[in-house]
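A closer look at the structure
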Number of protein chains: 2
Amino acid sequence: MAQEIASLESVLEEHIPNDKLKEVKRILFGTRAKDLELPSEVTDIASKHDFEVKAFQMDAGKEQLRPPRTVRIGLIQNKIVLPTSAPVQEQRDALHQRIGQIAEAAYHAKVNILCFQETWTIPFAFCTREKLPWVELAESAEDGPTTVLCQEWAKKYNMVIISPILERDSSRGDILQNTAVVISNTGQVLGKSSKNHIPRVGDFNESTYYFEGSTGHRVFETQFEIVFNPSATVGGLSEPMWSIEARNAAIANTYFAAAINRVGTEVFENEFTSGDGKPAHKDFGHFYGSSYVAAPDGSRTPGLSRTRDGLLVTEVNLNLIRQIKDKWCFQMTGRYDMYARELTEATTPGFQPNIIKEN
Amino acid sequence: MAQEIASLESVLEEHIPNDKLKEVKRILFGTRAKDLELPSEVTDIASKHDFEVKAFQMDAGKEQLRPPRTVRIGLIQNKIVLPTSAPVQEQRDALHQRIGQIAEAAYHAKVNILCFQETWTIPFAFCTREKLPWVELAESAEDGPTTVLCQEWAKKYNMVIISPILERDSSRGDILQNTAVVISNTGQVLGKSSKNHIPRVGDFNESTYYFEGSTGHRVFETQFEIVFNPSATVGGLSEPMWSIEARNAAIANTYFAAAINRVGTEVFENEFTSGDGKPAHKDFGHFYGSSYVAAPDGSRTPGLSRTRDGLLVTEVNLNLIRQIKDKWCFQMTGRYDMYARELTEATTPGFQPNIIKEN
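Report on the accompanying structure. (Residues numbered from 1 in each chain as written. Chains lettered and ligands numbered in written order. Predicted model: local features only at pLDDT ≥ 70, side-chain atom pairs only at ≥ 80, totals over all residues. Heavy atoms only, no water.)

1. Overview of the overall build of chain A
Rules: A run of H or I in DSSP becomes a helix once it reaches four residues, and a run of E becomes a strand once it reaches two; helices and strands are each numbered from the N terminus. Exposed residues in this analysis have more than 50% of their type's maximum accessible area, buried residues have under 20%, and partly exposed residues fall in between, with area computed by a 1.4 Å probe over protein chains only. Any two residues having at least one pair of non-hydrogen atoms within 4.5 Å are treated as being in contact.
For chain A, the helix and strand inventory stands at nine helices and 15 strands. If one aligns the C-alpha atoms of chain A with their principal axes, the spans along those axes are about 70 × 55 × 45 Å. When the 359 residues of chain A are sorted by exposure, 58% land in the buried category. Put simply, 72% of the contacts in chain A that link residues at least 6 apart link residues at least 24 apart.

Put into structure tokens, the structure is as follows:
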């Protein structure tokens, strides 16, 4: 493939005439997101530290009895900073510093909840199947150095921070987990949620490092009804699905969903194979960024760049959630009791599916 | 809005340069669908009777122990033929005749399974909330005139036919259902599946006419693992979701999913209101067609037109299903027992969600 394109949106905007572009964007993205203006401090910091900023607003209808409930969501996507061969302490320090720069911009953008990408303090090294030095970077969700730093930021910037890390839980026999730590704007660690469904596909040898989480599906602090999905995924494997899964979740469950992906190509010192009959290599493809927010009405923001570090700010009005619930009524028309019963039957040993055959 | 655009794909192809178009299509649609050549009889019939034909192939990798298992799926989308003020018998006869023309083309295209759009024998009149004359067109799934005609076609053309109708079930006290009748290529009625989740949104006043089905989730005849979703939906309401829901279902469940939507604007004699504070009107928007097939790897075919009747032929190799299951492993890594348990809990009276609050 030639050079990576910057983003789907940039290609559409460059080539499609305005009269048709509006309709193309409506079909692809829905119509809700509008541009949001940010203070100049944000763009100054972004320009100084070379990252992209995009900002959108997803509004809701006016109500008589409830004021708007606006929340600014910040998503950060980034490349690793140092080569994977650098001492791991330096790699982590560099990532801490880099995200600190972008978090400061998020503060000036008045972000209320900031979420980083999956296992943001390390390269996504699970393709290598090498434990060292990567497991050295696993740390306590409660008081590891990354959590302590995030607590400082959360207090200083008065924002909730979701910090997805490779967790080492020494209280449970040193198990490793892929864990999002949720830190209140007061700096308190509210809790954590571990990845429940661990892929075992291609170079995503994650299950070699950590197992399925046991936290279930938790909701934190307030009924914000926003689901954050910090990811790390590469073009050949998943890019055509990228705009589908978070949006479908937002539609089917009537909430806002935030999808975050890392950026860039991470090259490792030692070569590894991918179980696909091809020669050994030192990277497993381009992480295509493209982080975005999906609304419960099926609309979405444009995505961040496929190639650059970035901050996506999205101001959402949470009133939209109940408005869409009242409009679509999935929470009442969905056959959840039927689904629960059928799913329970289907996961029971000895289950026979209901297949109708010709006589 | 100006004139309806013909399709998203046609706009992209007209304006985006070839080098970038390939990458745009990969991101939007995945890369699996290739053009499929059809016999000249098909295009002759399509040209004579003025409908679009598109044909694609979704292949799979070669295996040593299993031959390819190819199935040709045919989807038909169409406008109503006569004005909604015509006598209902004539309206239905005209639709029977129209679909007969397209079904003949499907035969020449060697289609194995042919599916029509939702309630294909009537205008989608549920917006009007008027029962007459529409409920007159409700008919028996087992031996109504439409089923009898479809049985003839199924035998004559040696194809399985899925015929979604407004069903009147006299054996159950004259209840009406939104029912897909499945007819074997031998002409036998294999069975039926009724719509389980009935929308109550906007002008889709369907629940005024029929209630939730009780057939559960059946599989017919063979483990073809194809899910057909005959729909009728309009632009303003759902178009940004159209490319999401069937594809998400195909990805999450590892099967092929076929999404069919009707075409055109249906105008009714008597005006009706839409509960949105706007004046009464006689139509509820443009049905945007765009029928397509989604594969379990997240790819999809291009869609049929947004404005014309059409036949979409898709040759799929069912071997792709197990290949993707073996690759992605969702059937093993998914936490289905956890989901069944949590969904059961959530649908039990007195359920309290697991919300973690700040101390």
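The structure having been displayed, the exposition proceeds.
2. Some remarks on the interface of chain B and chain A
Short version of the rule: Here the buried area means the combined drop in accessible surface, using a 1.4 Å probe, for two parts upon being joined, counting both sides. Criterion for a salt bridge: a side-chain nitrogen of Lys or Arg within 4 Å of a carboxyl oxygen of Asp or Glu. As used in this structure description, the phrase polar contact means that two N or O atoms lie within 3.5 Å; if the pair is within protein, one of them must be able to donate a hydrogen and the other to accept it, and residues adjacent in sequence are counted only when both atoms belong to side chains.
Opposite the 73 residues of chain B that make contact, chain A presents 73 residues. Both faces combined, the contact of chain B with chain A buries some 6700 Å², and carbon together with sulfur accounts for 63% of it. On the chain B side of the contact with chain A, W328, I356 and E358 of chain B bury the most area, a combined 10% of that side's loss. One salt bridge connects R306 of chain B with E23 of chain A, and the closest N-O pair in it is separated by 3.6 Å. On the surface where chain B and chain A come into contact, there are 15 residue pairs in polar contact (both at pLDDT 80 or more). The element contributing the most residues to the side of chain B that touches chain A is helix α6 (residues 235–253) of chain B, with 12 residues.

3. Topic: the side chain of T254 of chain A
Residue and element names in this part refer to chain A. If you trace the backbone, T254 turns up in the loop between α6 (235–253) and β10 (256–260). Overall, the relative accessible area of 5% leaves T254 in the buried class. Setting aside chain neighbours within four positions, we find T254 in contact with A249, P296, I321, I324, K325 and F330.

4. A look at the relation of the copies chain B and chain A
Note that the two copies of the chain are related through a rotation about an axis and a translation along the same axis. Basically, it comes down to this: When the copies are overlaid, the least-squares fit takes in C-alpha atoms only where the residue has pLDDT of at least 70 in both copies.
Mapping chain B onto chain A calls for a rotation angle of 180 degrees and an axial translation of 0.0 Å; the resulting RMSD is 0.0 Å. These values place the two chain copies in the arrangement generated by a two-fold rotation axis.

5. Some thoughts on the sheet that holds strand β13 (residues 292–294) of chain A
All names here are of chain A. Basically, it comes down to this: Any two strands with at least two DSSP-identified bridges between them are counted as paired. Helix axes are fitted to C-alpha atoms over the stretch in contact, other axes to C-alpha atoms as well, and angles between N-to-C directions run from 0 to 180 degrees.
As summarised here, the arrangement of the three strands in space is β9-β10-β13, forming an open sheet in which the pairing is mixed. Here the strands that pair on one side only, and so sit at the sheet edges, are β9 (226–230) and β13. The mean angle between the axes of side-by-side strands here comes to 15 degrees, regardless of whether they run parallel or antiparallel. In the sheet, β10 pairs with β13 via three bridges, with the strands oriented antiparallel. Counterpart to A258 in the pairing with β13 is V293. Of the strands in this sheet, β10 and β13 touch α6, which is tilted by about 35 degrees from β13.

6. Some details on the layout of surface pockets
Rules: Here a cavity denotes a set of grid points, spaced 1 Å apart and computed over the protein atoms alone, in which a 1.4 Å probe fits but from which it cannot get out, and a pocket denotes an open set meeting protein on both sides within 12 Å along at least five of seven lines; residues with an atom within 4 Å of a point are reported as lining. Grid points are joined across faces, edges and corners, and a volume is the space filled by probe spheres set on the points. For this classification, Asp, Glu, Lys and Arg are treated as charged, while Ala, Val, Leu, Ile, Met, Phe, Trp, Tyr, Cys and Pro are nonpolar and the rest, including Gly, are polar.
Taken as a whole, the second largest pocket encloses approximately 780 Å³ of empty space. Those elements that provide at least two residues to the lining of the second largest pocket are α1 (8–15) of chain A together with α1 (8–15), α2 (18–29), β1 (34–35) and β2 (52–58) of chain B. Its residues placed into classes, the lining of the second largest pocket shows 10 nonpolar, seven polar and 15 charged.

7. Re the nonpolar core
Inclusion rule: Take the buried residues of types Ala, Val, Leu, Ile, Met, Phe, Trp, Tyr and Cys, join any two whose side-chain atoms come within 4.5 Å, and each joined set is a nonpolar core.
Counting residues in each nonpolar core, the largest one holds 116 residues, and the members touching the most others are L75, F228 and F256 of chain A together with L75, F228 and F256 of chain B. Ignoring sequence-local partners within four residues, the contact set of F228 of chain B consists of I73, L75, I113, C115, I162 and A258 of chain B.

8. Remarks on the pattern of salt bridges
Going through the model one piece at a time under the given rule, you end up with 48 salt bridges over all chains. A salt bridge links E167 of chain A to K192 of chain A; its shortest N-O distance comes to 2.5 Å. In this pair, E167 of chain A sits in strand β5 (residues 160–169) while K192 of chain A sits in strand β7 (residues 189–194), placing the two residues 25 residues apart along the sequence. Take E167 of chain A and K192 of chain A: they sit in the same class, and that class is buried. Put simply, E4, E239 and R306 of chain A together with E23 and R26 of chain B are held in one network by salt bridges that share partners.

9. Here's the deal with helix α3 (residues 40–49) of chain A
All names here are of chain A. Using the following cut-off: The arc in question is the one traced by the directions running from the helix axis out to the C-beta atoms.
For α3, the set of buried residues is V42, I45 and A46. Relative to the axis of α3, the buried residues are bounded by an arc of 100 degrees and lie together on one face. Away from its buried face, by an angle of more than 90 degrees, α3 presents the exposed residues D44, S47 and K48. Where α3 is buried, its residues contact β2 (52–58) and α4 (88–108). Residue D50 follows α3 closely and has a positive phi angle near 60 degrees.

10. Describing empty space enclosed by the protein
Enumeration according to the criterion identifies one cavity of 30 Å³ or more in this entry. Volume-wise, the largest cavity comes out at about 500 Å³. Lining of the largest cavity is provided by 36 residues; of these, L28, S243 and R247 of chain A together with L28 and S243 of chain B occupy positions nearest its centre. Considered class by class, the residues forming the lining of the largest cavity number 18 nonpolar, eight polar and 10 charged.

11. So, the sheet that holds strand β10 (residues 256–260) of chain B
Residues and elements named next belong to chain B. On the basis of which strands lie adjacent, the open sheet formed by three strands has the order β9-β10-β13 and mixed pairing. At either end of the open sheet lies a strand with only one pairing partner, and these are β9 (226–230) and β13 (292–294). Each adjacent strand pair in this sheet contributes to an overall mean axis angle of 15 degrees, direction not counted. Where β9 meets β10, five bridges bridge the pair, whose relative direction is parallel. In the strand pairing of β10, N229 is matched with A259. Contacting β10 and β13, α6 runs over the sheet at an angle of about 35 degrees to β13.

None of the figures reported here should be taken as evidence of function without further support.
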